[in-house]
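# Per-entry structural report
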Amino acid sequence: MNFHIHSTWSDGTYTPEIIVKEAIKRKIDKIAITDHYATTKTTSLPPKYIKMYVEDLKALRKKYGKEIDIYIGLEIDFSPRTDIDNLPDFSDVDFLLFEYVQDEFWEGYPLWMLLNLRKEIDKPFILAHNEISRNFKDSDIVSLVRVLEADNIGIELNTNFNYRKFEIPYYRLAPQFFRLISEYKVPVSVGSDMHDDLNDLANVEDAFSFIQEMHLEDNFKLFLKEVEKYEG
Ligand SMILES: [Zn+2]
């Protein structure tokens, strides 16, 4: 399974259909296409294209639904590069990834602003490729995890080489945090952030090993339940 993939709808190289066919070939059970929502950072989807994006992915769901589960996501650059005050309600998407939350290197907005937005948008929220050990180094971990549980905000295990420090994925740099997460109802998702290399589709093994090591199985199941509940 892989819940973080970019297509030609934003800055990815391949069309959703090529991605879906390749994923079926590689016997992947579930994928999510998660293109960038309007941001000045990269090629991304302006609000008026979201309907077309969703319709395109729903058509693929119809065509290939017997062979693979396809989910519809969007990735939001949670920074001044996005018009956060005028977001649509995203009623047709299954879940939202938020990148750069509380990441000062990337001018990311703080977590409390995401909590405000949470009240307005009723969709699963996931912190994408967050370097918890750096972005939340001054936070009390227990309070942080309690807030995530209370506001139902999940965490992604992102295997992409861009989200590593000294070759180590960010999630492996925060073992205490994830050990604690396993005791709370905080959804955990998995994705490779594929853009231009189809081999990245199956590059999620380390994240699933981490789920076993940290006993995050129930957290991952919770994520699956959430996205299925909201499936448009
Ligand atoms: Zn991404």
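Right above here is the structure, for reference.
So, how was this worked out
- For every chain, the first residue of the written sequence is number 1, and numbering continues from 1 onward in sequence order.
- Predicted model: local features are reported for residues with pLDDT of at least 70 only, side-chain atom pairs are reported and counted for 80 or more only, and whole-chain, interface and lining totals are derived from all residues.
- The side-chain quantities take in all heavy atoms of the structure and omit both hydrogens and water.
- By definition, any uninterrupted DSSP run of H or I lasting at least four residues is a helix, any uninterrupted run of E lasting at least two residues is a strand, and each is numbered from the N terminus.
- It is over C-alpha atoms that the radius of gyration is taken, and the globule rule equals 2.2 Å times the number of residues to the power 0.38.
- The contact criterion used throughout is that any non-hydrogen atoms of two residues lie within 4.5 Å.
- For every residue, the accessible area obtained with a 1.4 Å probe (protein chains only) is divided by the maximum for its type, and the residue is called buried under 20%, exposed over 50%, and partly exposed between those limits.
- Note: the arc covers the axis-to-C-beta directions of the helix.
- Strand pairing requires that DSSP identify at least two bridges connecting the strands.
- All axes are obtained by fitting lines to C-alpha atoms, using only the stretch in contact for helices, and the reported angles, taken between N-to-C directions, cover 0 to 180 degrees.
- Here, nonpolar core means buried Ala, Val, Leu, Ile, Met, Phe, Trp, Tyr and Cys residues that are tied together by side-chain atoms lying within 4.5 Å of each other.
- Water is not part of the atom set, so a site may look incomplete; the donors themselves are N, O and S atoms within 2.8 Å of the metal, or 3.2 Å for Na, K and Ca.
- Here a site with four donors is tetrahedral if all angles are between 85 and 135 degrees, and a site with four or six donors is square planar or octahedral if opposite donors are over 155 degrees apart and the other angles are between 65 and 115; anything else gets the irregular label.
- For a crossover, the right-handed case is the one in which the path from the first strand over the helix to the second runs clockwise, viewed with the strands pointing away from the viewer.
- We call a crossing left-handed when the near helix sits turned anticlockwise from the far one by less than a right angle, and right-handed when that turn is clockwise.

With that settled, the discussion passes to the overall build of the chain. Along the chain, the regular secondary structure elements total eight helices and nine strands. Taken over C-alpha atoms, the radius of gyration comes to 16 Å for the chain, in line with the 17 Å a tight globule of 232 residues would show. Along the first, second and third principal axes, the C-alpha set of the chain runs to 45 × 40 × 35 Å. In the chain, the proportion of contacts linking residues at least 24 apart, taken out of those at least 6 apart, comes to 75%.

Let's shift gears to helix α3 (residues 111-118). Buried within α3 we find L111, L114, L115, L117 and R118. For α3, the angular spread of the buried residues around the axis is 160 degrees, confining them to a single face. For α3, the secondary structure elements touched by its buried residues are β4 (95-99), β5 (125-128), α5 (141-150) and β6 (153-158).

On to the sheet that holds strand β9 (residues 188-191). If you walk across this open sheet you meet the seven strands as β1-β2-β3-β4-β5-β6-β9, and the pairing is parallel. This sheet does not close on itself; its edge strands, each paired only once, are β1 (2-5) and β9. Pairs of neighbouring strands in the sheet enclose a mean axial angle of 30 degrees, with direction left out of account. The pairing of strand β3 (residues 69-77) with β4 spans five bridges and is classified as parallel. Bridging across to β4, L74 finds its partner in L96. The sheet strands contacting helix α2 (residues 50-64) are β2 (30-36) and β3, and the helix crosses β3 at an angle near 155 degrees.

In this structure, E167 is a non-glycine residue whose phi angle is positive, near 70 degrees. Tracing the backbone shows E167 in the loop between β7 (164-165) and β8 (168-169).

Within the largest apolar cluster, 73 residues are counted, with the highest numbers of intra-cluster contacts made by F90, L114, F177, F178 and I181. Per-element tally for this core: the top contributor is α2, with six residues. Those residues in contact with F90 that sit more than four places away from it in its chain are Y37, I50, L74, I76, L96, I121 and K123.

What follows concerns the coordination of the zinc ion. Between any two of four tetrahedral donors, the ideal angle at the metal is 109.5 degrees; between two of six octahedral donors, it is 90 or 180 degrees. All of the protein donors around the zinc ion are H4 (NE2), H6 (NE2), E75 (OE) and D193 (OD); their distances to the metal are 2.1 to 2.3 Å. Each of the four donor atoms around the zinc ion contributes to a set of angles spanning 83 to 174 degrees, which defines the coordination as irregular. Mapped onto the polypeptide sequence, the residues donating to the zinc ion form the spacing pattern H-x1-H-x68-E-x117-D. An identical accessibility class is assigned to H4 and H6; each is buried.

Moving on, we get to the pairing of β3. Burial analysis of β3 places eight of its nine residues in the buried class, which makes it a mostly covered element. Summarising the sheet, β2 and β3 pair through seven bridges and their orientation is parallel. Its bridge partner being in β3, D35 is matched across the sheet by L74. Taken together, β2, α2 and β3 constitute a β-α-β crossover, and its handedness is right-handed.

Before going further, it helps to examine the packing of helix α1 (residues 16-25) against α2. Packing of α1 against α2 brings their axes to within 10 Å, and their N-to-C directions diverge by 30 degrees. The two elements α1 and α2 meet at a crossing, and its hand is right-handed. On the side of α1, the interface is formed by P16, E17, V20, K21 and I24, while α2 contributes D56, L57, L60, K63 and Y64.

On to the side chain of D77, then. Within the element layout of this structure, D77 appears in strand β3. A residue is classified by how much of its surface remains accessible, and D77, at 1% relative accessible area, is buried. Those residues in contact with D77, other than ones at most four positions away along the chain, are T39, K41, T82, I84, E99 and Y100.

That is the geometry; function is a separate question.
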